[in-house]
Amino acid sequence: LLETAKLLDPKHNLCIPCDIRNYQEVNKAFKKIKNTYKKIDILINNAGIFKMLPINQTSPKIWDNILKTNTYGTFYCTQKTVQMMKRINLRKAIR
């Protein structure tokens, strides 16, 4: 991620390493977005993981990691985006 960030124009791009499974990290990342840009125009939820294993070989730890990344991470980021968009009165776009 940090190597890719070096290739981007820092005036228009912000790269924030964040474990989206962790609500506190997501909250911290969105505070940085708000402090840098004051608003958010779009969210693309593109993080996801999957481990192809038979169910009897899928440990609770593996399953928990999949759920936290794919479900909780998406929820946390979407929730923070909606909160920021509502603050700048984009209610028409959020329905």
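Trainee: Please clarify how the layout of surface pockets should be interpreted in this entry.
Mentor: Using a probe with the size of a water molecule, rolled over the atoms, empty space left in the structure can be pinpointed. In this structure, the largest pocket encloses a volume near 830 Å³. Lining the largest pocket are 24 residues, with Leu14, Phe30, Ile33, Ile40 and Leu43 sitting closest to its centre. For the lining of the largest pocket, the secondary structure elements donating two or more residues are helix H2 (23-37) and helix H3 (60-87). The leading source of residues in the lining of the largest pocket is H2, at five residues. Considered class by class, the residues forming the lining of the largest pocket number 16 nonpolar, six polar and two charged.

Trainee: Where do I start with the nonpolar core in this structure?
Mentor: General note: in soluble globular proteins, nonpolar side chains tend to be found buried as a group. Counting residues in hydrophobic clusters, the biggest one holds nine residues: Ile20, Val26, Phe30, Ile33, Ile40, Tyr76, Cys77, Met84 and Met85. When contributions to this core are tallied by element, the ones reaching two or more residues are H2 and H3.

Trainee: When you look at the packing of aromatic side chains in this model, what are you seeing that I'm missing?
Mentor: The description of two aromatic rings rests on the distance between their centres and on the angle between their planes. One pass over the structure, following the stated rule, counts three aromatic pairs. Between Tyr23 and Tyr76, the aromatic rings sit 5.1 Å apart at their centres with planes inclined by 75°, giving edge-to-face as the arrangement. Remark: Tyr76 occurs in helix H3 and Tyr23 occurs in helix H2; sequence separation between them is 53 residues. Under the relative-accessibility criterion, Tyr23 is labelled partly exposed at 28%.

Trainee: In this structure, what is going on with H2? I would like to understand it.
Mentor: Since there are 3.6 residues in each turn of an α-helix, residues three or four apart along the chain are aligned in direction. Over its 15 residues, H2 extends 21 Å from the first C-alpha to the last, a length consistent with the 21 Å expected when each residue adds 1.5 Å. For H2, the complete set of buried residues consists of Val26, Ala29, Phe30 and Ile33. The buried residues of H2 all sit within an arc of 95° when viewed along its axis, so they share a single face. Exposed residues on H2 whose side chains face more than 90 degrees from its buried face are Gln24, Lys28, Lys31 and Asn35. Its buried side turned inward, H2 meets H3. If you check the start of H2, you find a side-chain oxygen 2.9 Å away from the backbone N of Gln24, and it comes from Asn22. A positive backbone phi angle near 70° is found at Lys38, which sits one or two residues after H2.

Trainee: Hey, could you run me through a positive patch on the surface in this one?
Mentor: Taken together, the side chains of Lys31, Lys34, Lys38 and Arg87 present a region of like positive charge at the surface. With respect to the helices and strands, Lys31 occurs in helix H2.

What counts and how
Along each chain, residue indices are assigned from 1 in the same order as the chain's sequence is written. Reporting of local features is limited, given that this is a predicted model, to residues whose pLDDT is at least 70; pairs of side-chain atoms are given and counted only at 80 or more, and all residues count toward the totals for whole chains, interfaces and linings. Based on all heavy atoms of the structure, the side-chain values leave hydrogens and waters out of the count. Think of a 1 Å grid over the protein atoms and nothing else: a 1.4 Å probe that fits but is trapped marks a cavity, an open set flanked by protein within 12 Å on at least five of seven lines marks a pocket, and residues with an atom within 4 Å of a point count as lining. Grid points are joined across faces, edges and corners, and a volume is the space filled by probe spheres set on the points. Each helix corresponds to a stretch of at least 4 residues labelled H or I by DSSP, and each strand to a stretch of at least 2 residues labelled E; elements are numbered beginning at the N terminus. Charged means Asp, Glu, Lys or Arg here, nonpolar means Ala, Val, Leu, Ile, Met, Phe, Trp, Tyr, Cys or Pro, and polar covers whatever is left, Gly included. For our purposes a nonpolar core is just a set of buried Ala, Val, Leu, Ile, Met, Phe, Trp, Tyr and Cys residues, chained together by side-chain atoms within 4.5 Å. Note on exposure labels: buried denotes an accessible area under 20% of the residue type's maximum, exposed denotes more than 50%, and partly exposed covers the range between, all computed with a 1.4 Å probe on protein chains only. Each pair of aromatic rings taken from Phe, Tyr and Trp, with Trp reduced to its six-membered ring, is defined by centres within 6.5 Å and is described as stacked if the planes are under 30 degrees apart, edge-to-face if over 60, and tilted in the remaining cases. A helix is expected to span 1.5 Å for every residue after the first. Here, the arc refers to the directions that run from the helix axis to the C-beta atoms. Whether two residues touch is decided by their heavy atoms; if any such pair falls within 4.5 Å, the residues are in contact. Any pair of N or O atoms that falls within 3.5 Å is considered a polar contact. Within protein, one atom must be able to donate a hydrogen and the other to accept it, and sequence-neighbouring residues count only if both atoms are side-chain atoms. Candidate patch residues must exceed 30% relative accessible area and have no salt bridge, after which like charges are joined if within 9 Å and Val, Leu, Ile, Met, Phe, Trp or Tyr side chains if within 5 Å. Using the Shrake-Rupley algorithm and a 1.4 Å probe, accessible areas are obtained, with residue cover drawn only from the displayed protein chains. Criterion for a salt bridge: a side-chain nitrogen of Lys or Arg within 4 Å of a carboxyl oxygen of Asp or Glu. Residues scored as positive are Lys and Arg, those scored as negative are Asp and Glu, and His as well as the terminal groups of each chain are ignored. For the purpose of locating charges, the reference atoms are NZ of Lys, CZ of Arg, CG of Asp and CD of Glu.

Nothing here speaks to function; it is all geometry.
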